[in-house]
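Notes for the structure review
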Amino acid sequence: MKAAVVVFPGSNCDRDLAVAFEAAGADVTMVWHKDSDLPKDIDIVGIPGGFSFGDYLRCGAIAARSPICQAVVAHAERGGYAMGICNGFQVLTETGILPGALLRNANLKYICKTVGLKVETSASAFTEGYNAGDVLGIPIAHHDGNYFADDDTIARLKGEDRVAFTYTDNPNGSRDDIAGILSANRRVLGMMPHPERAADAGHGGTDGAAMFRALTGVLAPA
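Attention in this report is confined to the structure presented alongside it.

Focus: the overall build of the protein
Along the protein, the regular secondary structure elements total 5 helices and 11 strands. Over its C-alpha trace the protein gives a radius of gyration of 16 Å, about what one expects of a compact globule, namely 17 Å for 222 residues. Overall, the protein is about 40 × 40 × 35 Å in size when its C-alpha atoms are taken along their principal axes. Of all 222 residues assigned to the protein, the portion counted as buried reaches 54%. When contacts within the protein are restricted to residue pairs at least 6 apart in sequence, long-range pairs at least 24 apart make up 74% of them. Roughly 9300 Å² of accessible area belongs to the protein as shown, and the carbon and sulfur atoms make up 48% of that amount.

Written as structure tokens, this is what we have:
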């Protein structure tokens, strides 16, 4: 599997994401935000967490206008795989690849802790390493992780089995406890918790590792 990890000014989880991909057997290329093209034959694009452009204007809003994001949008529109974690989820909503928006946490505070994350569906390349109903321990680290969408969008996400993860104890006010969602073709995942920070036993947990192993199994050449 060939993965590209996009790096913006202010990204701070790019190396963590690359290491998690590599540990699962992927060949990883780091891509700078000013590049206009993704490397050839990329299977999946990872947009990491952090504070792109200092979170000025809106979280992810400036990054979404970077040259590389035009290539990410084109990749997704061709049916390519992509995942955005934390700030990366914010970027994906700002580009319009995923619906909804990430608002300020309901308690108006930055939250950094491990949370319970319930797997809502195993019917995607990202989640097929789990069973629906599994509860994982995955870290969060965000100030603007409160997922919001209108009633029709929430109903559509649920009706199409596109809610990937929910919080067992909602930390930020997200509608219907939503922690991660899938695109209509199920090839793009956006999630606020950080599975790449739970992919190495030395970091205190490995509940996120199955996501990267599953991706490698699905996307690696036969």
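A look at the sheet that holds strand E4 (residues 81-85)
Spatially, the 9 strands line up as an open sheet ordered E2-E1-E3-E4-E11-E10-E9-E6-E7, and their pairing is mixed. The outermost strands of the open sheet, each flanked by one partner alone, are strand E2 (27-32) and strand E7 (135-142). Going across the sheet, the axis of each strand differs from the next one's by a mean of 20 degrees, ignoring polarity. Inspection of the sheet shows strand E9 (residues 163-167) paired to strand E10 (residues 178-182) by 3 bridges, in the antiparallel sense. Its bridge partner lying in E10, Val 163 is registered against Ile 181.

Considering the nonpolar core
Generally speaking, soluble globular proteins have nonpolar side chains that are buried together. By size, the foremost hydrophobic cluster in this structure holds 69 residues, and its most contacted members are Phe 21, Ile 44, Met 83, Phe 165, Met 211 and Leu 215. If we skip the residues at most four places from it in the chain, Met 83 touches Phe 21, Ile 44, Val 45, Gly 46, Ile 47, Leu 92, Phe 126, Leu 189, Met 211, Phe 212 and Leu 215.

Notes on the pattern of salt bridges
Under the counting rule described, the total for this entry stands at 7 salt bridges. One salt bridge connects Asp 151 with Arg 175, and the closest N-O pair in it is separated by 2.9 Å. Here Arg 175 lies in the loop between E9 and E10 and Asp 151 lies in helix H4 (residues 151-159), a separation of 24 residues in the sequence. Residue Arg 186 is joined to Asp 161 by a salt bridge in which the shortest nitrogen-to-oxygen separation is 3.4 Å. Highlighted residues: Arg 186 in the loop between E10 and strand E11 (188-191) and Asp 161 in the loop between H4 and E9, separated in sequence by 25 residues. A relative accessible area of 34% means that Asp 161 is categorised as partly exposed. When salt bridges that share partners are traced, they join Arg 58, Arg 65 and Glu 94 into one network.

The rules behind each value
Numbers given for residues are sequential positions, taken from 1 along each chain in its written order. Owing to the predicted nature of the model, reporting of local features is limited to residues with pLDDT of at least 70; listing and counting of side-chain atom pairs is limited to 80 or more, with chain, interface and lining totals taken over all residues. Where side-chain values are given, they derive from all heavy atoms of the structure, hydrogens and water being excluded. By definition, any uninterrupted DSSP run of H or I lasting at least four residues is a helix, any uninterrupted run of E lasting at least two residues is a strand, and each is numbered from the N terminus. Our radius of gyration looks at C-alpha atoms and nothing else; its globule reference is 2.2 Å times the residue count to the power 0.38. Only protein chains enter the accessibility calculation, which uses a 1.4 Å probe; a residue whose area is less than 20% of its type maximum is buried, one above 50% is exposed, and one in between is partly exposed. By definition in these notes, contact holds between two residues if any of their heavy atoms fall within 4.5 Å. Note that accessible areas follow from Shrake-Rupley with a 1.4 Å probe, and for residues the cover is restricted to the protein chains shown. One requirement defines pairing of two strands: DSSP has to find at least two bridges between them. The angle between two axes is taken between their N-to-C directions and runs from 0 to 180 degrees, where each axis is a line fitted to C-alpha atoms and a helix contributes only its stretch in contact. Definition of nonpolar core: a set of buried residues of the types Ala, Val, Leu, Ile, Met, Phe, Trp, Tyr and Cys, connected through side-chain atoms within 4.5 Å. The salt bridge criterion pairs a side-chain nitrogen of Lys or Arg with a carboxyl oxygen of Asp or Glu, the two atoms within 4 Å.

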